There are 2 protein chains.
Amino acid sequence: MTSTLTADRRTSIGAQRNPASQEAILKAAADILRETGLSGFSIEAVARRAHAGKPTIYRWWSSRAALLLDVYHDQKQVEPVPDTGSIENDLFAFVTALFDYWRDSEAGSIFRFVIAEAQSDATTSAALRTYMAERIDQTAELVRRATRRGEITADVDPELTIELLAGFAWSRLLTGRLDVDPEQLHKLIGQMIRGMRSGGDPGAEQ
Amino acid sequence: MTSTLTADRRTSIGAQRNPASQEAILKAAADILRETGLSGFSIEAVARRAHAGKPTIYRWWSSRAALLLDVYHDQKQVEPVPDTGSIENDLFAFVTALFDYWRDSEAGSIFRFVIAEAQSDATTSAALRTYMAERIDQTAELVRRATRRGEITADVDPELTIELLAGFAWSRLLTGRLDVDPEQLHKLIGQMIRGMRSGGDPGAEQ
DNA sequence: CCATAACGAAACGATACGTTTCATTCAAGT
DNA sequence: ACTTGAATGAAACGTATCGTTTCGTTATGG
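Please read all numbers here as calculations on a predicted model, not as lab measurements. (Residues numbered from 1 in each chain as written. Chains lettered and ligands numbered in written order. Predicted model: local features only at pLDDT ≥ 70, side-chain atom pairs only at ≥ 80, totals over all residues.)

Participant: What am I meant to see in the interface of chain B and chain A here?
Facilitator: Bring the parts together and some accessible area is lost; that lost area is often taken as the interface size. Residue-level contacts link 41 residues of chain B with 41 residues of chain A. Residue assignment for the side of chain B that touches chain A shows that the elements contributing at least two residues are helix H6 (107-118), helix H7 (122-149), helix H8 (158-174) and helix H9 (182-194) of chain B. In terms of residue count, the dominant contributor to the side of chain B that touches chain A is H8 of chain B (9 residues). When its residues are assigned to classes, the side of chain B that touches chain A shows 19 nonpolar, 16 polar and 6 charged. (Contact = placed C-beta atoms within 7 Å. Helix = DSSP H or I, 4+ residues; strand = E, 2+ residues; numbered from the N terminus. Nonpolar A, V, L, I, M, F, W, Y, C, P; charged D, E, K, R; others polar.)

Right, dumping it as structure tokens:
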């Protein structure tokens, strides 16, 4: 007698994790984030929506932050580092792609939530720091290539240069201003690369 | 018979706001933020610590975010825009002062919480955007002065230039990496101003 | 003098927390 | 083939905070 079960109830598949439950939980979590934001993102709500038991979630994710990070990693897809032959265009392509990615997918919202959560959760903070360091090191290759080409001087710090632009992107994401004018941005990067001094006289003071 | 009152209970002073309660609430809120961070910052906890009634808080602050913003504004003190005569040194002084301020006072922690709260609360988000626009416009004067001096070309966008550096500072604050090497930072700003191209050939295109 | 509003305390129903209990399902080890 | 044990969803647990309401009290302002 399978008396007390509703027909479509997801159940155990033995002494192992049920991938269907895992998927349902991650999907429900992503949907809730998209529809109600971080404020509606509770374990209780995710369990309800996924038709999963709360113990199932707590068994596989230690906290709300852990689940959030998993959702984020699911969304994430590593974009290749641009290589146009010019550092100016590479940097422009990098920032533009980042803004487009954040604007056109759910990744932007989720990343905002991860940053927010990191301000009060140590685990998320550590994970965010690690992730950021990886991405910066990866993207800095763009600058290192330019150094090898002799396009820029050897004393330029690749990581710090990327961090400067990435930080700008962060602040735009976090204040909901992803509508950057491409021309303005291109000009800024050009000036950052070519320098801002007027004329070819880098010694005029006072 | 003042029977049910404990001796030091703060009470009404008539049909007007009690400044003592207001101060006690703001002080308690700031103390809680300093001691337990944003996670311990609840209206309930603030009321307990301030020996205030929850309705008193809700009467004067519409939400947790509103109270948080008030605490933040209390902490805030406007720093003068540096004016050393050189944009490079001005920018370095600006960023250094910002990092020192965030590191040495409670302002850094509170600002982090405001940014985090802004990711799920529309009121805080709007307030943050307004505040940031004000500060950027104010600091951009530093760049405008340099333009007037002829130190940099006229097509440099003052606000965007400040935003670039401020965004970098934000990302460092939000990832708990306020320990910037001054020399490294000074070099970065110098390169940003002077340009990164090797040689004195500012016209090589395509 | 009295209507009105602010005060702190207490309790409200609602919601989410993290945990436990339960009957059930099935993989893995004897 | 049989038993052991872990995973599953549902339900209920006690705890905590939410935002609100009720209450007795205080004292301003009309």
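Moving on from the coordinates now.
Participant: Sorry, what's going on with unusual backbone geometry here?
Facilitator: Outside of glycine, negative phi angles account for most residues, and trans bonds account for most peptide bonds. Within the chain, His 51 of chain A stands out as a residue other than glycine whose phi angle is a positive 50°. With respect to the helices and strands, His 51 of chain A occurs in the loop between helix H2 (43-50) and helix H3 (54-60).

Participant: What exactly am I supposed to notice about the environment of Ser 105 of chain B here?
Facilitator: Residues and elements named next belong to chain B. By the secondary structure assignment, Ser 105 is in the loop between helix H5 (87-104) and H6. For Ser 105, a count of 13 C-beta atoms within 10 Å corresponds to the partly exposed category. Ser 105 sits 30 residues away from Gln 75 along the chain, and the two C-alpha atoms are 8.7 Å apart. (Buried ≥ 20, exposed ≤ 12 C-beta atoms within 10 Å, placed from the backbone.)

Participant: What should I look at first to understand the protein's contact with DNA strand D in this one?
Facilitator: Not every one of the 33 residues close to DNA strand D is listed here, only the nearest: Ser 12 and Gly 53 of chain A together with Gly 14, Ser 42 and Glu 44 of chain B. Of the residues forming the surface near DNA strand D, the biggest block, 4 residues, is contributed by H3 of chain A. A breakdown of the residues in the surface near DNA strand D according to their chemical character gives 8 nonpolar, 17 polar and 8 charged. (Near = placed C-beta within 6 Å.)

Participant: Sorry, what's going on with the relation of the copies chain B and chain A here?
Facilitator: The operation relating the two chain copies consists of a rotation about an axis and a shift along that axis. Of the two same-sequence chains, chain B is brought onto chain A (RMSD 0.2 Å, axial shift 0.0 Å) by a rotation of 179°. Between the two chains, the operation in question is that of a two-fold axis. With an isologous cut-off of 70% or more, the 100% of interface residues of chain B that recur at the interface of chain A puts this contact in the isologous class. (Least-squares fit on C-alpha atoms with pLDDT ≥ 70 in both.)

Participant: I keep staring at the protein's contact with DNA strand C and nothing clicks. Help me out?
Facilitator: Residues in contact with DNA strand C amount to 35 residues; listed here are only the nearest, Gly 14 and Glu 44 of chain A together with Ser 12, Gly 53 and Thr 56 of chain B. A per-element tally of the surface near DNA strand C places helix H3 (residues 54-60) of chain B first, with 4 residues. Across the surface near DNA strand C, the residue classes break down as 9 nonpolar, 18 polar and 8 charged.

Participant: Any chance you could explain the environment of Arg 10 of chain B here in plain terms?
Facilitator: Residue and element names in this part refer to chain B. If you trace the backbone, Arg 10 turns up in the segment before helix H1 (19-36). According to the C-beta neighbour criterion, Arg 10 is partly exposed, with 14 such atoms within 10 Å. In this view, Arg 10 contacts Asn 18, Ala 20, Ser 21 and His 51; residues no more than four positions away in its chain are not counted.

Participant: Where do I start with the packing of helix H4 (residues 64-75) of chain A against helix H6 (residues 107-118) of chain A in this structure?
Facilitator: Think of two packed helices as two axes; the pair is described by the angle between the axes and how far apart they sit. All names here are of chain A. Remark: H4 packs on H6, axes separated minimally by 10 Å, with the N-to-C direction vectors making an angle of 150°. In terms of axis orientation, H4 runs roughly antiparallel to H6. For the crossing formed where H4 meets H6, the hand is left-handed. Counting all contacts with H4, which are made through Ala 65, Leu 68, Leu 69, Val 71, Tyr 72 and Gln 75, the residues of H6 involved are Ala 107, Ile 110, Phe 111, Phe 113, Val 114 and Glu 117. Split into classes, the residues belonging to the contact of H4 with H6 amount to 10 nonpolar, 1 polar and 1 charged. (Axes fitted to C-alpha atoms, helices over the stretch in contact; angles between N-to-C directions. Parallel < 35°, antiparallel > 145°, perpendicular 65-115°, else oblique. Left-handed = near helix turned anticlockwise from the far one by under 90°.)

Participant: Explanation requested: the nonpolar core in the structure shown.
Facilitator: Considering soluble globular proteins, one finds that nonpolar side chains tend to be buried as a cluster. Judged by nonpolar contacts, the single largest core of 103 residues is most densely connected at Ala 29, Leu 33 and Val 114 of chain A together with Val 114 of chain B. Discounting chain neighbours no more than four positions away, the residues touching Ala 29 of chain A are Val 46, Leu 67 and Val 71 of chain A. (Core = buried A, V, L, I, M, F, W, Y, C linked by C-beta atoms within 7 Å.)

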